[in-house]
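Letter by letter, the chains look like this.
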Amino acid sequence: MKVALQFIAMGLVWGASFLFMKVGLEGVSPGQVAWARLVFGAVTLGIIALITRSRLPREPIVWLHFVVVAITYCVIPYLLFAWAEQYVSSSLASIYNAVTPITTAILVTTAFRVEKLNRDQVLGVLIGVVGVVVVVGPWQVATLSGSLWGQLACLGAVTCYGFSFGYIRKFISHRQISATSTAVMNIGLAAVIMLVLTPVIAVGPITFSWPVLLSLLALGALGTGVVYIWNMNVLRAWGPTATSGVTYVTPIVGVALGILVLHETLSWNEPVGALIVLAGILLTQQRVRVLTRRRALPEPLPEPSGRR
């Protein structure tokens, strides 16, 4: 029951993150949103690590790998999503976030070669790409408007996520590192990078209000802090396939909050494209099979051996 509640809370908080970013942008810049998200998240995870006495890895090469992950999994995508929400709705941003399993499937196969896709998964990737095209709605784009650039930024963010998952799979996942330590390394190193970049991306006028402040705290302490621990707990209890079901929850929550709280509207192609993407995700994650038998599982490449 505890794990189920954590799964539900995880979907709600991550789905609400796009609302929190939108509200936060009413008082601070996109760079400041990403800065606050990572710094508040790192402080929260640091406190949890001290309480649980989690030990960080000592090998320099592991720290180097985590620096790469911090940049591609946190710094760049958080900046891109925050920047994008100046031009697109929080609902649309949450829909694009759901494309992550598609970009992950593409990159773990083509760039890192740590997995092989069967025919259903390849079909799922192709369907997912079609869904993204429908969401973008190229027939509606007369010029390179801010909305288009915002959507491209969202796609850039989820591509970074896909790269990060492939990188983690190849260089980190085979190492004996606890869930809390992994979260602290990811978010903590990303926060350090953001602190170094403060004069470049986080300096500017600030208009604080209670909604802005609470949104930034929730985005950081919950969405980038506590939820990472919940995610690892669910992953250990249910396994990766069941845990990945949060992918279906977050866009629903994000769209619902955008419409109910911010009174956002969607064009017909956006929910239609989201449904097509969902169909692609179902095939990619093998929750539905069309071309392969139920027992035919993809054959992963051999685990990377030795230290890198």
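Each remark here, short or long, concerns the structure printed above.
Residues numbered from 1 in each chain as written. Predicted model: local features only at pLDDT ≥ 70, side-chain atom pairs only at ≥ 80, totals over all residues. Heavy atoms only, no water.

*Asks:* Sorry if this is basic, but what is going on with unusual backbone geometry here?
*Replies:* What you tend to see is this: most non-glycine residues have negative phi, and most peptide bonds are trans. At H263, a position not held by glycine, the phi torsion is positive, near 60°. Examined against the element boundaries, H263 turns out to sit in the loop between α12 (246-262) and α13 (269-284). Its relative accessible area of 65% is what places H263 among the exposed residues. Phi at Q286 takes a positive value of approximately 60°, unusual for a residue other than glycine. Considering the arrangement of structural elements, one finds Q286 in the segment after α13. (Helix = DSSP H or I, 4+ residues; strand = E, 2+ residues; numbered from the N terminus. Buried < 20%, exposed > 50% of the residue type's maximum accessible area, 1.4 Å probe, protein only.)

*Asks:* Looking at this model, I keep getting lost on the packing of helix α2 (residues 30-52) against helix α8 (residues 179-196). Mind explaining?
*Replies:* What describes two packed helices is the angle between their axes and the distance between those same axes. For the pair α2 and α8, interaxial distance at closest approach is 8 Å and the crossing angle is 140°. It follows that α2 is oblique to α8 by the angle criterion. Where α2 crosses over α8, the two elements pack in a sense that is left-handed. Contacts between α2 and α8 pair G31, A34, W35, L38, V39, G41, A42, L45, I48, A49 and T52 from the former with T180, A183, V184, I187, G188, A190, A191, M194 and L195 from the latter. (Axes fitted to C-alpha atoms, helices over the stretch in contact; angles between N-to-C directions. Parallel < 35°, antiparallel > 145°, perpendicular 65-115°, else oblique. Left-handed = near helix turned anticlockwise from the far one by under 90°. Contact = heavy atoms within 4.5 Å.)

*Asks:* What should I look at first to understand the packing of helix α5 (residues 100-110) against α13 in this one?
*Replies:* Close contact between α5 and α13 brings their axes to 9 Å; oriented N to C, the two are set at 45°. Relative to α13, α5 is oriented oblique. The crossing of α5 and α13 is left-handed. For the pair α5 and α13, contact is made by P101, I102 and A105 and by G280, I281 and T284, respectively. Its residues assigned to classes, the contact of α5 with α13 shows 4 nonpolar, 2 polar and no charged. (Nonpolar A, V, L, I, M, F, W, Y, C, P; charged D, E, K, R; others polar.)

*Asks:* Please clarify how a nonpolar patch on the surface should be interpreted in this entry.
*Replies:* On the surface, a nonpolar cluster with roughly 460 Å² of combined accessible area is contributed by M1, L5, I8 and L12. As for its position among the elements, L5 is in helix α1 (residues 2-24). Judged by its relative accessible area of 49%, L5 is partly exposed. (Patch = residues over 30% accessible without salt bridge, like charges linked within 9 Å, V, L, I, M, F, W, Y side chains within 5 Å. Areas by Shrake-Rupley, 256 points an atom, 1.4 Å probe, with all protein chains shown as cover. Salt bridge = Lys/Arg side-chain N within 4 Å of Asp/Glu carboxyl O.)

*Asks:* Would you take a moment to explain the state of the cysteines for this structure?
*Replies:* Linking two cysteines covalently via their sulfur atoms produces the bond known as a disulfide. Enumeration over the complete set of coordinates arrives at 0 disulfides. Sulfur of C74: no disulfide; nearest cysteine sulfur belongs to C160 and is 11 Å away. Judged by its relative accessible area of 0%, C74 falls in the buried class. Looking at C160, the relative accessible area reads 15%, which means it is buried. (Disulfide = S-S within 2.5 Å.)

*Asks:* It is not clear to me how the packing of aromatic side chains should be interpreted in this structure. Could you clarify?
*Replies:* Each aromatic ring pair is described using two quantities: the centre-to-centre distance and the angle formed by the ring planes. Counted under the stated rule, the structure contains 11 aromatic pairs. Judged by centre distance (5.6 Å) and plane angle (65°), the rings of Y73 and Y161 are edge-to-face. Placement of Y73 in helix α3 (residues 60-84) and of Y161 in helix α7 (residues 146-171) is noted, with a sequence separation of 88 residues between them. The burial state of Y73 is the same as that of Y161; both residues are buried. (Phe/Tyr/Trp six-rings, centres within 6.5 Å; stacked < 30°, edge-to-face > 60°.)

*Asks:* For this particular structure, what's the right way to read the nonpolar core?
*Replies:* The nonpolar side chains of a soluble globular protein tend to be buried, and buried together. Grouped together as the largest cluster of nonpolar side chains are 69 residues, with contacts concentrated most on V33, L38, Y78, F81, Y96 and I187. Take this core: its biggest share by element is 11 residues, from α3. When sequence neighbours within four positions are dropped, the list of residues in contact with V33 reads M21, G24, L25, V28, A82, L216 and L219. F7, W14, V234 and V246 belong to the second-largest nonpolar core, a separate cluster that totals 7 residues. (Core = buried A, V, L, I, M, F, W, Y, C linked by side-chain atoms within 4.5 Å.)

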